[in-house]
Structure formats: C-alpha cells, structure tokens
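# Summary of the model geometry
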Amino acid sequence: MDEVLASVAETIKNFAVMYLVDITEVPDFNTMYELYDPSTIMFFFRNKHIMIDLGTGNNNKINWAMKDKQEFIDIVETVYRGARKGRGLVIAPKDYSTKYRY
C-alpha cells in the first residue's frame, strides 16, 4: 500500500493531499472511526468526512491494501468530484464486495 500511495502522490497532487497519521499518537478518532487496522485510508473534504460506498458494508474507510495504482486514482477522483458537489457519500467506480469472488 505504501508503494501505491507513493507512486500516485505526484498524479493526484492537484486535487488531493495525503497525510500519514500514527493512531497511537493521535487517539482521538480511533473509537469514532474504528481505526484498528494497520493501514486505513479515509477521505475528508473541507473538514468533513466523505464516505465512500465500496460494496463492503463499511462506508467510512478503505482498510485493505490496494495494489493497482490506477484503481486508487479512480477512487480518489470519484471522491473529489462527489465532495465538490456537496455529497457526503459517493459511490466507488468498482464494487469491492466479495459476493462474486471464488
């Protein structure tokens, strides 16, 4: 996940900023957003949490490692466009539910 974030940083710099936060040093949001996973990606726009419907049931965050750079760029772009329109919940360009995986 670190490699994907580092590789897309230059591409998404015009519409997104990435921050790394150590949840052991800043425990304020741990219970509110259930931050217990080793890697979690959340989206905020103008101090408002933007939820994203990924088909997983948890609309608050992405808590798995993504391997595809373009897929992550598409998600960030979708969140940005939806947030600019004032939406608090955006639909991901791809369904990440495990319903159809074998």
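Here is a short report on the structure shown in this document. Predicted model, so just to flag it, every value in this text is computed and none were measured.

Rules used in this analysis
- Residues numbered from 1 in each chain as written.
- Predicted model: local features only at pLDDT ≥ 70, side-chain atom pairs only at ≥ 80, totals over all residues.
- Heavy atoms only, no water.
- Pairing = 2+ DSSP bridges.
- Helix = DSSP H or I, 4+ residues; strand = E, 2+ residues; numbered from the N terminus.
- Right-handed = clockwise from strand over helix to strand, strands pointing away.
- Buried < 20%, exposed > 50% of the residue type's maximum accessible area, 1.4 Å probe, protein only.
- Core = buried A, V, L, I, M, F, W, Y, C linked by side-chain atoms within 4.5 Å.
- Salt bridge = Lys/Arg side-chain N within 4 Å of Asp/Glu carboxyl O.
- Polar contact = N/O pair within 3.5 Å; in protein donor to acceptor, adjacent residues only side chain to side chain.
- Contact = heavy atoms within 4.5 Å.

## A word on the pairing of strand 2 (residues 48-53)
The pairing of strand 1 (residues 43-45) with strand 2 spans three bridges and is classified as antiparallel. Paired with F44 across the bridge in strand 2 is H49. Hairpin connection from strand 1 to strand 2: two residues lie between these consecutive antiparallel strands, with R46 at a positive phi of about 50°. Bridge count for strand 2 against strand 3 (residues 89-91) is three bridges, and the pairing is parallel. Of the residues in strand 3, the one forming a bridge with D53 is I91. In this fold, the crossover linking strand 2 to strand 3 by way of helix 3 (residues 69-84) has left-handed handedness.

## A word on unusual backbone geometry
For E34, which is not glycine, the phi torsion reads 55° and is therefore positive. With respect to the helices and strands, E34 occurs in the loop between helix 2 (30-33) and strand 1. Its relative accessible area of 48% is what places E34 among the partly exposed residues.

## What about the nonpolar core?
In terms of nonpolar packing, the biggest core is built from 21 residues, with F43, I52, F72 and I75 touching the most fellow members. Of all the secondary structure elements, the ones that give two or more residues to this core are helix 1 (2-8), strand 1, strand 2 and helix 3.

## Observations regarding the pattern of salt bridges
Overall, the coordinates contain three salt bridges when judged by the stated rule. Put simply, E10 and K13 hold a salt bridge, and the shortest N to O gap is 2.9 Å. One salt bridge in this structure joins E77 and R81, with 3.0 Å as the shortest N-O distance. Taken together, the positions of E77 and R81, both in helix 3 and four residues apart, correspond to about one turn of that helix. Residue classification places E77 among the partly exposed positions, given a relative accessible area of 24%. Judged by its relative accessible area of 53%, R81 falls in the exposed class.

## Comments concerning the side chain of K61
Tracing the backbone shows K61 in the loop between strand 2 and helix 3. In terms of polar contacts, K61 uses its side chain to reach the backbone carbonyl oxygen of Y33, at 2.9 Å. A distance of 2.6 Å separates the side chain of K61 from the backbone oxygen of E34, its partner in a polar contact. Setting aside residues up to four positions removed in sequence, K61 forms contacts with Y33, E34, L35, D37, T40, I41, M42 and L54.

## Brief notes about the environment of L54
Mapped onto the fold, L54 is located in the loop between strand 2 and helix 3. For the pair formed by L54 and I91, sequence separation is 37 residues and the distance between their alpha carbons is 6.7 Å. What L54 contacts, discounting residues up to four positions off in sequence, is N59, K61, I62, W64, I75, A92, K94, D95, Y96 and S97.

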